[in-house]
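# Observations on the model geometry
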Amino acid sequence: DGTELTAKPKRSFYAARDLYKYRHQYPNFKDLRYQNDLCNLRFYKNKIPFKPDGVYIEEVLNKWKGDYEKLEHNHTYIQWLFPLREQGLNFYAKELTTYEIEEFKKTKEAIRRFLLAYKMMLEFFGIKLIDKTGNVARAANWKERFQHLNESQHNYLRITRILKSLGELGYESFKSPLVKFILREALVEDTIPNIKQSALEYFVYTIRDRRERRKLLRFAQQHYTPSEHFIWGPPRKQKSEGSKTNKKPASPISIPNSHISKHKKPKEPKNTSASGSSAGKTTEEKKIELTKNGEENYQDEQEMNCDAVRQNSEKNSDTDTSQLSKSEEIHDTSDRKEDASHSKKDNENLNNDCGSHPGTIEKDLCNTENSSNNTSADLQDNLDKDTLSGGTTTKTKDELK
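As annotated in an unreviewed UniProt entry, the protein chain carries the name OGRL1 protein and comes from Cephalopterus ornatus. Entered under Sequence similarities (unreviewed entry) in the UniProt record, the comment concerning the protein chain runs "Belongs to the opioid growth factor receptor family."

Structure below.
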């Protein structure tokens, strides 16, 4: 018995699906199963009785009011007093239609009787309607009726139908005060504790306004005991946000960005190329003077590759190769951006001057990041190509100027 009392409640899949359809995909049927004869509106106009009992609305409001035994044990009138766009237990009652709802809202006589029926059922539950905005409070007979409501759980289905019907017939604003009152009596006052499960599963989720639902759920969370067993809404949202923050550092997009940010600095490739050229200029640098930024960066890359190959034979080869790999990564990223902005004419000039396309050098640099031996071999090949292409560079010097 102790384990059953402390068992954590579970969400009802049926309730969640049913109320989601009510809020978003109403009605629950595609085609009408009957002709639009406005039977619900005619019943509220006191023109036809409800079936199968054959009682008119005026008799229900006048003679059934206060007769709690009849209201408790009769199960056919509630579908007529609070119609919905879905089939209930009374198959003689017919579903509402959109046209009938519009006509119902225009009929003052029907609206007046509908509010009287709502007050009658509230009194049956031990609640009274205070004002026209839908605020409610305890009725004079609340102790007796609350005790009965706490034991007769089939009335919880009636409350759900009443809340749905209020929203269908233009009284959506009446829902939140009633649900707030029931939650307070169930969680704070502990007068009807058995109703709290239905209130959180059904009553709250009949409200279409998301903000109002969240307010009610926050109120329920503050007063729900034990607090760790509250499974409706906010705790699940906090867990999902925590999981998102944990996943952010491991996202595939942030890894390359953080990798590049460690090595990439503004105008660093140009500074490194300038320092390499100040050490000593070769004959190829004097022959080729390009005016465009993309061509200058390409020439600087070739110069650094030549310097790196010459420095591999020195004692500090390990540190030089590490610096070279960093510069390769920097130029690789800068060349990809610059090649996208260059025109076709610039690419043709680079082919004539250097005898190779920048795209092939980029592929070589990408392929040589895995091993240092392959890196030195590819850089040597690029150096050979540069020396072989010196003749063509001399021929096209005047054209480029």
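From this point on, the discussion continues.
### Brief notes about the packing of helix α11 (residues 175-188) against helix α12 (residues 196-203)
In the contact formed by α11 and α12, the axes pass within 9 Å of each other and the chain directions differ by 150 degrees. Between α11 and α12, the crossing angle belongs to the class labelled roughly antiparallel. α12 is crossed by α11, and the crossing has left-handed handedness. Of the residues in α12, those touching α11 at V179, I182, L183, A186 and L187 are K196, A199, L200 and F203. Partitioned by chemical class, the residues of the contact of α11 with α12 number eight nonpolar, no polar and one charged.

### Looking at the nonpolar core
Core analysis: the biggest nonpolar cluster contains 69 residues, and L81 and L183 have the highest contact counts within it. Discounting chain neighbours no more than four positions away, the residues touching L81 are F43, Y44, I57, V60, F114, A117 and M120.

### Thoughts on the environment of V55
Mapping V55 onto the fold places it in the loop between α3 (39-44) and α4 (57-63). Look at V55 and you get buried, because its relative accessible area is 9%. In sequence terms V55 and Y77 are 22 residues apart; their C-alpha atoms lie 8.9 Å from each other. Excluding anything up to four places from it in sequence, V55 contacts F43, P49, F50, V60 and W64.

### Regarding the packing of aromatic side chains
As enumerated under the stated definition, the model contains 19 aromatic pairs in all. Ring centres of Y44 and F104 lie 5.3 Å apart, and the angle between their planes is 85 degrees; on these two criteria the pair is classed as edge-to-face. Residue Y44 is located in helix α3, and its partner F104 is located in helix α7 (residues 98-106); the two are separated by 60 residues in the primary sequence. In terms of burial, Y44 and F104 fall into one category: buried. An aromatic cluster is built from F43, Y44, F50, W64, Y77, W80, F82, F104, F114, Y118, Y171 and F174, whose rings are joined through pairwise contacts.

### Re the side chain of S165
Structurally, the position occupied by S165 is in helix α10 (residues 154-168). Setting aside residues no more than four positions away along its own chain, S165 makes contact with F82, P83, L84 and F114.

Quick notes on the rules
- Residues numbered from 1 in each chain as written.
- Predicted model: local features only at pLDDT ≥ 70, side-chain atom pairs only at ≥ 80, totals over all residues.
- Heavy atoms only, no water.
- UniProt positions renumbered as here; feature names shortened; annotations may be inferred.
- Axes fitted to C-alpha atoms, helices over the stretch in contact; angles between N-to-C directions.
- Helix = DSSP H or I, 4+ residues; strand = E, 2+ residues; numbered from the N terminus.
- Parallel < 35°, antiparallel > 145°, perpendicular 65-115°, else oblique.
- Left-handed = near helix turned anticlockwise from the far one by under 90°.
- Contact = heavy atoms within 4.5 Å.
- Nonpolar A, V, L, I, M, F, W, Y, C, P; charged D, E, K, R; others polar.
- Core = buried A, V, L, I, M, F, W, Y, C linked by side-chain atoms within 4.5 Å.
- Buried < 20%, exposed > 50% of the residue type's maximum accessible area, 1.4 Å probe, protein only.
- Phe/Tyr/Trp six-rings, centres within 6.5 Å; stacked < 30°, edge-to-face > 60°.

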